[in-house]
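Each chain, letter by letter, is given below.
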Amino acid sequence: MNVDFTAGSLLVPAAWGLGFVLFSALNVMFLVWMERKVSADIQSRWGPMVRGYHGSMQLLADMVKLLIKEDILPAAADKKMFALAPFLVFIPALLALLVLPIGPGLIARDMGVGLVYYLAVPSLASIGIFVAGWSSGNKYSTLGGMRSAAQLISYEIPRSLSVLGVVMLAGTLSMMGIVNAQKSLWFIIPQILGFLVYYIASIAEVGRTPFDLPEGESELVNGYFTEYSGMRFSFFMMGEYVALLVACLMGAVLFLGGWRGPFGLLPQLGPVWLLLKAYALVYVAMVVRWTLPRYRIDQLLEISWKVLLPISLINVALTAAIVFVGGEWLRGLLG
Amino acid sequence: MSTSFYDLINVFVFTLVGTAFVGIVLFVSKLVRCKNPSPEKLAPYECGNKASGEARPQTQIRYYLFALLLVVFDVEMIFLFPWGVAFRSLGLIALVEVALFIGILLLGLAFAWRKGALKWQ
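Residues numbered from 1 in each chain as written. Chains lettered and ligands numbered in written order. Predicted model: local features only at pLDDT ≥ 70, side-chain atom pairs only at ≥ 80, totals over all residues. Heavy atoms only, no water.

1. As for empty space enclosed by the protein
Residues and elements named next belong to chain A. In total, this model carries three cavities of 30 Å³ or more according to the counting rule given. When its volume is computed, the largest cavity comes out at roughly 410 Å³. In this structure, the largest cavity is lined by 27 residues; those nearest its centre are Ala 125, Ile 129, Glu 205, Val 206 and Ala 243. Within the residue set of the lining of the largest cavity, elements represented by two or more residues are helix H3 (79-96), helix H5 (125-135), helix H6 (139-162), helix H9 (192-206) and helix H11 (230-255). A per-element tally of the lining of the largest cavity places H11 first, with six residues. Class assignment for the residues of the lining of the largest cavity results in 16 nonpolar, seven polar and four charged. (1 Å grid on protein atoms, 1.4 Å probe; cavity = no way out; pocket = protein on both sides within 12 Å on 5 of 7 lines; lining within 4 Å. Points joined across faces, edges and corners; volume = space filled by probe spheres on them. Helix = DSSP H or I, 4+ residues; strand = E, 2+ residues; numbered from the N terminus. Nonpolar A, V, L, I, M, F, W, Y, C, P; charged D, E, K, R; others polar.)

In structure tokens, the structure reads:
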């Protein structure tokens, strides 16, 4: 076997990893501030206003507060599992960024099975959520963890099936290849059904309102992380926001042309376009969160199995028909 | 070495970086935070009431049928993705085969639906 394993094969991914850690930490701070501002706007309030321009320094203060808060380890908790859970929740969100193409030729690792990797890895966070719920030694946490497992099981299927249409059009699983296939036509146009299913299922997987049953505060206090405090608590928050951002970034990559500007505008902006598209999706998710009430668990499961799953199967059939009937025309369109 | 081996190295290094980040931040926090536990603080939080009953109550797992369906459809997905990559060159025969495959699964879903397996009892 030919081994060309150098220090670079470890240092390059380490540099990407560090970059993405910084990226996610900064973005979480911005996202929390943005969420507070969006929710305030919807409820006709000002939101944070005191520290910095429109309260923009509030998050620094919050971070220091969380860092020096007492960390409570409940007497009833399973100590080792309790300590392990924050790791299990945060790391999968980071791992998903490994296959995120941020610009032409700019990707941490362009895996041949990139899309399947992306579909598989973020779901691992729910193991962390379940571990957190179970180990806390609190009824509400246990129930939150259980609900989270049911929710993940149900939304995994439509989320994966919805991107099958993208794979059929692009003819590759590599994330880079998928962006390259959207040179002249973003996949949101032929894949509008797929996009809607992907977006709804992603919001559900991330566990945001209207699908936030694992942590519904009016019934389960704070769900699976009721017993967490201080810095450990903040890793659950971070994991949640990074997961939301990753879902939106990947949505932009899969359906909105990734780093490409609309109509090929300003190609040198690359990563900025990607961030803008992702934040547009994040903004919609936030507006949805602050306008819709929460679903009941039976409604939640029915939406997935009786609405989203049939729609995504119809989408696959439609895509196959379009490609077969209008093959030549479509090939011309896709370039 | 195959490319998938390097893929795995990348995943491994990313996991290490993530673990180090969480670990270091938690360690720094441990150095600066206060620690003053009391029995009340360490009790399970139940909105101020004294915790009653078991912490991990026996719960009815109502969704094991969903779990069974998940396994079926997850395996379906594993078959569908390679087909999706290659289906333009595979042509009509593969399309008909996949249609049959999905059709059988849909029959299964319809059966489960009729039987009430998709209901939260």
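From this point on, the discussion continues.
2. Side note on the nonpolar core
Residues and elements named next belong to chain A. With 119 residues, the main nonpolar core has Leu 115 and Tyr 118 as its most contacted residues. If one sorts the elements of this core by residue count, H11 sits on top with 16 residues. Each residue touching Tyr 118, except ones within four places of it in the same chain, is listed here: Ala 96, Val 99, Arg 159, Tyr 198, Val 246, Ala 247 and Met 250. If you look at the next biggest cluster of nonpolar residues, it comprises eleven residues, including Phe 82, Ala 85, Phe 225 and Phe 236. (Core = buried A, V, L, I, M, F, W, Y, C linked by side-chain atoms within 4.5 Å. Buried < 20%, exposed > 50% of the residue type's maximum accessible area, 1.4 Å probe, protein only. Contact = heavy atoms within 4.5 Å.)

3. So, the interface of chain A and chain B
Listed as interface residues are 86 residues of chain A and, on the opposing side, 64 residues of chain B. Counting the surface lost from both chain A and chain B, the interface buries some 6700 Å², and carbon and sulfur atoms represent 76% of this. The tally of links between chain A and chain B comes to two salt bridges. Among the salt bridges present, the one from Arg 109 of chain A reaches Asp 7 of chain B, with a minimum N-O distance of 2.5 Å. Where chain A packs against chain B, one counts three residue pairs in polar contact (both at pLDDT 80 or more). At 13 residues, the largest contribution of residues to the side of chain A that touches chain B is made by H6 of chain A. Within the side of chain A that touches chain B, the residues separate by chemical class into 59 nonpolar, 13 polar and 14 charged. (Buried area = accessible area lost by both parts, 1.4 Å probe. Salt bridge = Lys/Arg side-chain N within 4 Å of Asp/Glu carboxyl O. Polar contact = N/O pair within 3.5 Å; in protein donor to acceptor, adjacent residues only side chain to side chain.)

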